[in-house]
Amino acid sequence: MHRDQFEQFIHDNREAFDSDVPELKVWGGIRQDLDRRKHRRLMLWRVAGIAAAVIGLLFCGVALGGYLNPPMPHSVVSIDDIGAQYAAQEAAYQQEIQQKYQQLVSYEQAGAVQQDLKHLDATIAELRKELQAAPPGKAEDIVKDLLENYRAKVYILERVLNRIQMADPDFESTSPKKADTDDRVL
């Protein structure tokens, strides 16, 4: 009810309220304040637009530069590039594997080990491919893994030959003793 009386009072005295008009100085101040705010908003949008254009151009430049200039492949292509001692170890392992494999082939059941040897050969081939594209810090680790696979292959051949010798004492072996391979250090 209090509100209705207030509204009635305003309605009755409306002309008295509307008779006061602010001075032109007040309207000028309001207009200047509104113009400043509008100017700030326009400046903010202009700066944001310029920043977005610069970021877009930088992004396009980086993308185009990456597309036109692909990364160079690493120059490590062989074990010799990593270190001479690794190349010498690889050659020694390959020679020993060849000798032991020749001994094993002369035995009739050489096919039983072929599966394991083929798996190791596939792993060695995969490591060689990795070595071709290895980042600079990883190449030596890959070579060590490669030599470890050679060592495993020699170990498998030695175990098979030793078991053959135990089962068939007449089987002749011309391979070097096991101590020869265990003395190698990576």
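The text that follows walks through the structure, step by step, so that each part is easy to find.

Quick look at the packing of helix H5 (residues 84–105) against helix H7 (residues 139–167)
Okay, step 1: Relative to each other, H5 and H7 sit at 25°, their axes nearing to 10 Å. The orientation of H5 with respect to H7, classified from their angle, is roughly parallel. The hand of the H5/H7 crossing is left-handed.

Some details on a nonpolar patch on the surface
Okay, step 1: Together, Val21, Leu24, Val26, Trp27, Ile30 and Leu34 line one region of the surface with nonpolar side chains, adding up to about 650 Å² of accessible area.
Okay, step 2: Among the residues examined, Val26 registers a relative accessible area of 43% and is labelled partly exposed.

Here's the deal with helix H6 (residues 114–132)
Okay, step 1: Along its 19 residues, H6 runs 27 Å from first to last C-alpha, staying within 8% of the 27 Å computed at 1.5 Å per residue.
Okay, step 2: When H6 is considered as a whole, its buried residues turn out to be Leu117, Leu120, Ile124, Leu127 and Leu131. Considered in projection along H6, the buried side chains sweep an arc of 80° and stay on one side of the axis. Pointing more than 90 degrees away from the buried face of H6 are the exposed residues Gln115, Lys118, His119 and Lys129.

Rules used throughout
- Residues numbered from 1 in each chain as written.
- Predicted model: local features only at pLDDT ≥ 70, side-chain atom pairs only at ≥ 80, totals over all residues.
- Heavy atoms only, no water.
- Axes fitted to C-alpha atoms, helices over the stretch in contact; angles between N-to-C directions.
- Helix = DSSP H or I, 4+ residues; strand = E, 2+ residues; numbered from the N terminus.
- Parallel < 35°, antiparallel > 145°, perpendicular 65-115°, else oblique.
- Left-handed = near helix turned anticlockwise from the far one by under 90°.
- Patch = residues over 30% accessible without salt bridge, like charges linked within 9 Å, V, L, I, M, F, W, Y side chains within 5 Å.
- Areas by Shrake-Rupley, 256 points an atom, 1.4 Å probe, with all protein chains shown as cover.
- Salt bridge = Lys/Arg side-chain N within 4 Å of Asp/Glu carboxyl O.
- Buried < 20%, exposed > 50% of the residue type's maximum accessible area, 1.4 Å probe, protein only.
- Expected span 1.5 Å × (residues − 1).
- Arc of directions from axis to C-beta.

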